[in-house]
Amino acid sequence: MADQVRPTARSLQRAQAEEAPLETEVFARHARRERRLKRFVRLTQWVLLALFFVLWEIAGRNGWIDVLLFSYPGKVGELLIAKLKDGSLLPHVWATTLETFAGFLLGTVCGAALAALLWWSRFLARVLDPFLVVLNSMPKVALGPLLIVGLGPGFASILGTALAVTVIITTIVVFNSFREVDPNYVKVVRLFGGSRWAVFRHVILPASFPTIVSTLKVNVGLSWVGVIVGEFLVARIGLGYLIIYGFQVFNFTLVIMSLFVIAAVATFMYQAVAFLERRMLRPK
Amino acid sequence: MVYVTEKSPLLAVSGIDFAIRPGEFVSLVGPSGCGKSTILSLIAGLLKPSAGHIRIYGEPVRGASPRVGYMLQQDYLFPWKTILGNCLFGLKMTNRLTEENRNYVDYLLGEMGLAQAKHLYPSQLSGGMRQRVSLVRTLAVQPEIMLLDEPFSALDYQTKLQLEDLVWKTLKSHAKTALLVTHDISEAIAMSDRVLVMGRNPGTIRREIAVPGEIRRELPFTAREQPGFHEIFRTIWEELKTEEEGGIPDG
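A.B. asks: Explain the packing of helix H5 (residues 90-120) of chain A against helix H10 (residues 196-234) of chain A here, please?
C.D. replies: How two helices pack is summed up by the angle between their axes together with the distance between the axes. Residues and elements named next belong to chain A. At a minimum axis separation of 6 Å, H5 and H10 run at an interaxial angle of 145°. The two elements H5 and H10 meet at a crossing, and its hand is right-handed. Broken down by class, the residue content of the contact of H5 with H10 amounts to 15 nonpolar, eight polar and three charged.

A.B. asks: Help me understand the packing of helix H9 (residues 183-191) of chain A against H10 of chain A in this model?
C.D. replies: Residues and elements named next belong to chain A. It is the contact of H9 with H10, at a shortest axis distance of 10 Å, that shows an interaxial angle of 145°. Handedness of the crossing formed by H9 with H10: right-handed. For the pair H9 and H10, contact is made by Tyr185, Val186, Val189 and Arg190 and by Ala198, Val199, Val203 and Ile204, respectively.

A.B. asks: What should I look at first to understand the confidence of the model for chain A in this one?
C.D. replies: Any segment with low pLDDT has predicted coordinates that should not be analysed in fine detail. Mean pLDDT for chain A: 87, with 92% of residues reaching 70 or above. Contacts of residues 1-5 of chain A to residues separated by more than four positions or lying in other chains number four contacts, the stretch itself having pLDDT below 50.

A.B. asks: Explain the interface of chain A and chain B here, please?
C.D. replies: As a measure of interface size, the accessible area lost when the parts come together is often cited. Counting residues at the interface gives 17 residues for chain A and 23 residues for chain B. Contact between chain A and chain B buries roughly 1,900 Å² in total, counting both sides, with carbon and sulfur atoms accounting for 72%. Summed over the shared surface of chain A and chain B, the number is five residue pairs in polar contact (both at pLDDT 80 or more). Among the secondary structure elements, those contributing two or more residues to the side of chain A that touches chain B are H9 and H10 of chain A. Counting residues per element, the side of chain A that touches chain B draws most heavily on H9 of chain A, which supplies seven residues. Looking at side-chain class alone, the side of chain A that touches chain B contains nine nonpolar, four polar and four charged residues.

A.B. asks: Looking at this structure, I do not really get the pattern of salt bridges. What am I missing?
C.D. replies: Pairing between side chains becomes possible if they bear opposite charge and their charged atoms approach one another. Residue and element names in this part refer to chain B. Counted under the stated rule, the structure contains 17 salt bridges over all chains. Between Arg194 and Glu24 there is a salt bridge whose closest N-O contact spans 2.7 Å. In this pair, Arg194 sits in strand E9 (residues 194-199) while Glu24 sits in the loop between strand E2 (18-20) and strand E3 (25-29), placing the two residues 170 residues apart along the sequence. Each member of the pair, Arg194 as well as Glu24, is classed as buried. With its nearest N and O atoms 3.1 Å apart, the salt bridge here joins Asp75 to Arg130. Pair noted here: Asp75 is in the loop between strand E6 (68-71) and helix H2 (83-87) and Arg130 is in helix H5 (residues 127-139), with a separation of 55 residues, a long-range link. Through salt bridges with shared partners, a single ionic network connects Arg21, Glu24, Arg194 and Glu208.

Thresholds applied
- Residues numbered from 1 in each chain as written.
- Chains lettered and ligands numbered in written order.
- Predicted model: local features only at pLDDT ≥ 70, side-chain atom pairs only at ≥ 80, totals over all residues.
- Heavy atoms only, no water.
- Axes fitted to C-alpha atoms, helices over the stretch in contact; angles between N-to-C directions.
- Helix = DSSP H or I, 4+ residues; strand = E, 2+ residues; numbered from the N terminus.
- Left-handed = near helix turned anticlockwise from the far one by under 90°.
- Nonpolar A, V, L, I, M, F, W, Y, C, P; charged D, E, K, R; others polar.
- Contact = heavy atoms within 4.5 Å.
- pLDDT = per-residue confidence, 0-100.
- Buried area = accessible area lost by both parts, 1.4 Å probe.
- Polar contact = N/O pair within 3.5 Å; in protein donor to acceptor, adjacent residues only side chain to side chain.
- Salt bridge = Lys/Arg side-chain N within 4 Å of Asp/Glu carboxyl O.
- Buried < 20%, exposed > 50% of the residue type's maximum accessible area, 1.4 Å probe, protein only.

Okay, structure coming up:
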């Protein structure tokens, strides 16, 4: 927001040098207030975060909390640095990132493709409607054990879990956006004798493109759920595996460290997709 | 020549029987829900009549045809295509993207004062400009018959009057046959050679009113100032009023 405000503010300041009309002054006052508020919000955020870690550290070192269960930042940090140094962390990060990435990409593509199929065949859409409702209502991670039996304990079933979580909701959201396209645009294509494929290619798909891109963003989060649960169940590598392993050997420092790494990687991935979304949907 | 007789399962319109001569401008006026737009969809080949025939130059209508151009209530330009892309869309759909036709679109854009806007997107234009682009898109495939489905209804009054003149001039100079659907009585009289007044439940043509030559020859804007304009207005007004009063027991 500040980026949008600044050039205007500067040009207004220049105008102010010549003469200071009321609107310039009001705007300058508003901009100052806005900047001050923004700085205050940032400061509060940092203080809260620091306070949390400091208190946690103190509580851990003084034995106010059970260190075995809740660890403390110093220990977590030490472990993180050690694991980064001996290179035993990165393969886990890499495996999980790859699975999540494949999961949300495949989930979005498959979901959109399924939506296209439903749009194409009204008969199929009506037949599948109740099944989609049931599948959408049920918690997909519950399918985990079946996926493992079906796809074998490994990458395939982890990806399967991520897909199960993302596909149905993507299908429903994208299909709805296909159906909500203004029928008058479809009329334009039909008036020129355009085929059903032309309608899809020139109207339905471009009109729903923003929705498809934004499901991409939602699917990043969902895919993480699928992948972590999948790793809980079968993996021998990955951040989900590290959590379960840490839990089993009662190394909660490892569990908490993995959680922080997940939080960092997931946030990064989400921001990257959000950035991509802004780039792709830049207003014309 | 267009010939329509039609009866739909919902009985939207029934006993519609009229013909339009080549180059003639005919308007359909009537209360909302009287099936004016249904008639346009039938002529455009978007709907199939449950009974009856529609013929264009003696040939029965079978599906959409580039011989018939259709202007919608709003511009419905694709926001993801440029103005030029929108204008070429019809040619692309009908596989006629030739150099000659591209030049024709350029010529039309110039004629409508849109040459500068070619590479802009619809969101960058005003409502009136967009509806002009939509006219170019329709004319680009060189239809012989233009169906105008309340194309001025979404515009502000001033833009509407300007665009009426522009569309009227353009259609006359390109010698197009036109059928305008509107609920604006004065627009119907100002633009057309003949006005068909419709009633509803089911939609029928109640009356046909020929517009005298001195009004017909003027641009829509000045036509409104011609003597006799108001008499025709009143005739149609009375006709619609009796229709409405007659319609109350059914409604």
